[in-house]
Amino acid sequence: MPSDLPRLTVRMEKELINKVNILAKKEARSTNQQIIYILKKYLEQYEQENGHISSPGVSVTKTG
């Protein structure tokens, strides 16, 4: 079933892609879900150190 979520194309070095793929396999996630997990964890840490990032209609929830 197709997703209604917005798409984002990202260009990055092959070595970085390979490392994310390895982590995703180790943590039983898809590469897409691993990237989302990494971004959410980074944003949580950033907000803890620098305060809430406010953007209308945007919410970053805790990752598990």
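In the block above lies the structure referred to throughout.
Residues numbered from 1 in each chain as written. Predicted model: local features only at pLDDT ≥ 70, side-chain atom pairs only at ≥ 80, totals over all residues. Heavy atoms only, no water.

(A) Highlighting the overall build of the chain. Regarding its fold elements, the chain presents two helices and zero strands. Considering the chain as a whole, with its 64 residues, one finds that 9% of them fall into the buried category. Counting only carbon and sulfur atoms, one obtains 56% of the accessible surface of the chain, whose full area is about 6000 Å². (Helix = DSSP H or I, 4+ residues; strand = E, 2+ residues; numbered from the N terminus. Buried < 20%, exposed > 50% of the residue type's maximum accessible area, 1.4 Å probe, protein only. Areas by Shrake-Rupley, 256 points an atom, 1.4 Å probe, with all protein chains shown as cover.)

(B) Molecular detail of the pattern of salt bridges. Within this structure, the stated rule accounts for two salt bridges. Across the pair Glu15 and Lys19 runs a salt bridge whose closest N-O atoms are separated by 3.3 Å. Highlighted residues: Glu15 and Lys19, both in helix H1 (residues 14-26), separated by four residues, approximately one helical turn. Of the residues examined, Glu15 reaches a relative accessible area of 52% and is grouped as exposed. The closest approach of N and O atoms between Arg29 and Glu27, which form a salt bridge, is 2.3 Å. (Salt bridge = Lys/Arg side-chain N within 4 Å of Asp/Glu carboxyl O.)

(C) Structural context of the side chain of Gln34. Note on placement: Gln34 falls in helix H2 (residues 31-50). By relative accessible area, which is 2% here, Gln34 ends up buried. Dropping the residues within four chain positions of it, Gln34 is found in contact with Val20, Leu23, Ala24, Glu27 and Arg29. (Contact = heavy atoms within 4.5 Å.)

(D) Layout of a nonpolar patch on the surface. A surface patch of nonpolar side chains, about 550 Å² in accessible area, is lined by Leu8, Val10, Met12, Leu16, Ile35 and Leu39. Of note, Met12 is situated in the segment before H1. (Patch = residues over 30% accessible without salt bridge, like charges linked within 9 Å, V, L, I, M, F, W, Y side chains within 5 Å.)

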